[in-house]
Amino acid sequence: MLLQALVGEKVSRIGQLEIVRLEGGFVLFHRDDARRSDLGEHEIDDAFEIARFDDVGNYRPLKTAPSLRHGWKIFARDLLQVERVIDAIYPGRLAMLHAFKSGDLTTTSLRETLNRQSGMYRVAAKISDEQIDGLVGDFCRSDGGCLRTILWKRDTCNKDPSFKLPREKFDPAVDQYLSAKNPRLATAATDSIPLLCQEACNLLVAEARKIVKK
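Computed from a prediction, not measured in an experiment: that's the story for all the values here. (Residues numbered from 1 in each chain as written. Predicted model: local features only at pLDDT ≥ 70, side-chain atom pairs only at ≥ 80, totals over all residues. Heavy atoms only, no water.)

### Observations concerning the nonpolar core
Part 1 of the argument: Judged by nonpolar contacts, the single largest core of 30 residues is most densely connected at I14, L17, I19 and I89.
Part 2 of the argument: With six residues, the top contributor of residues to this core is helix α3 (residues 79-89).
Part 3 of the argument: The residues touching I14, leaving out its near neighbours within four places in the chain, are I19, I86, Y90, L94, I193 and L195.
Part 4 of the argument: Among the nonpolar cores identified, the runner-up in size contains 21 residues, and L62, L114, I132 and C146 belong to it. (Core = buried A, V, L, I, M, F, W, Y, C linked by side-chain atoms within 4.5 Å. Buried < 20%, exposed > 50% of the residue type's maximum accessible area, 1.4 Å probe, protein only. Helix = DSSP H or I, 4+ residues; strand = E, 2+ residues; numbered from the N terminus. Contact = heavy atoms within 4.5 Å.)

In structure tokens, the structure reads:
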């Protein structure tokens, strides 16, 4: 099992999620809540609802945005239950990581993603390189945008998606949540499991359409 190799002897992290190994199981909670003693106990199946809304009740359309709700903890008996919680909070990211570790992950450039759009989103392909620079630099940034590590390129020339993003944004060895808070410590976070992004998401495509339409 991939998680068996990734989850450490004591503490591991993925995105804003912290996983602590206990005698007889694991406990998962928001990594900002590590020192709190007032966390509400939740069941495994509650993870879906926890991931839906932020602290003030706003819906979270992008599950890898750094806006995961605080104040909860979930006990898991084994790594299978840990995986269920991670998949609920960060859908598809473990499968993506498994493909990456196996060398089977295929990435798609932003231009290719935009060019294959149809219907009302076809116009998104007309976005300029300058507009892409600003869009990706803002939408995908780790400090308030998205915690995924970008693996895709801008086009077939292998240009970076945005020159406004730091190099760390494209490095799977970097803890993106820690990078947003303290970049100098981010590369030393060996206990962190990366959230990988193999192609631009539908939300980014929708934002590209809005920019072109304006």
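So that's the structure; there's more coming.
### Topic: the pattern of salt bridges
Part 1 of the argument: All told, the structure shown has 14 salt bridges when counted by the stated rule.
Part 2 of the argument: We note a salt bridge from D33 to R36, for which the minimum N-O separation is 3.5 Å.
Part 3 of the argument: For R36, a relative accessible area of 36% corresponds to the partly exposed category.
Part 4 of the argument: The partner of K210 in a salt bridge is E207, and the shortest N-O contact between them spans 3.2 Å. Here the residue K210 and the residue E207 both occupy positions in helix α9 (residues 202-213), the gap between them amounting to three residues, near one helical turn.
Part 5 of the argument: A relative accessible area of 46% places K210 in the partly exposed class.
Part 6 of the argument: Salt bridges sharing common partners tie together D33, R36 and D38. (Salt bridge = Lys/Arg side-chain N within 4 Å of Asp/Glu carboxyl O.)

### What about the packing of aromatic side chains?
Part 1 of the argument: Taken as a whole and judged by the stated rule, the model has one aromatic pair.
Part 2 of the argument: Positioned over the ring face of Y121 is R209, at 5.9 Å from the centre of the ring. (Phe/Tyr/Trp six-rings, centres within 6.5 Å; stacked < 30°, edge-to-face > 60°. Lys NZ or Arg CZ within 6 Å of the ring centre and 35° of its normal.)

### As for helix α4 (residues 93-102)
Part 1 of the argument: Of all the positions in α4, only R93, L94, M96, L97 and A99 are classed as buried.
Part 2 of the argument: G103 lies just past α4 and shows a positive phi near 80°.

### Comments concerning α3
Part 1 of the argument: Burial in α3 covers these residues: L79, Q81, V82, V85, I86, A88 and I89.
Part 2 of the argument: Capping the start of α3 is the job of one residue whose side-chain oxygen sits 3.2 Å from the backbone nitrogen of L80: D78. (Polar contact = N/O pair within 3.5 Å; in protein donor to acceptor, adjacent residues only side chain to side chain.)

### So, unusual backbone geometry
Part 1 of the argument: Notably, N158 is not glycine yet its phi reads approximately 60°, a positive angle.
Part 2 of the argument: Along the chain, N158 turns up in the loop between β6 (149-150) and α7 (176-181).
Part 3 of the argument: Take N158: its relative accessible area is 53%, and that puts it in the exposed class.

### Here we look at the state of the cysteines
Part 1 of the argument: All chains considered together, the criterion is met by zero disulfides.
Part 2 of the argument: The thiol of C146 is unpaired, and the distance to the nearest cysteine sulfur, on C197, comes to 6.2 Å.
Part 3 of the argument: With a relative accessible area of 9%, C146 lands in the buried category.
Part 4 of the argument: Of the cysteine sulfurs around C157, a residue in no disulfide, the closest is that of C140, at 20 Å. (Disulfide = S-S within 2.5 Å.)

### Topic: the pairing of strand β2 (residues 17-22)
Part 1 of the argument: Bridging between strand β1 (residues 11-14) and β2 involves four bridges; their strand directions are antiparallel. In the sheet register, I14 faces β2, and the bridge partner there is L17.
Part 2 of the argument: Linking β1 back to β2 in an antiparallel pair, the connection comprises two residues, with G15 at a positive phi of about 60°.
Part 3 of the argument: Relative to strand β3 (residues 25-30), β2 runs antiparallel, the two sharing six bridges. Each bridged residue has a counterpart across the sheet, and for E18 the counterpart in β3 is F29.
Part 4 of the argument: The turn joining β2 and β3, which pair antiparallel and follow one another in sequence, is formed by two residues; a positive phi near 95° is taken by G24. (Pairing = 2+ DSSP bridges.)

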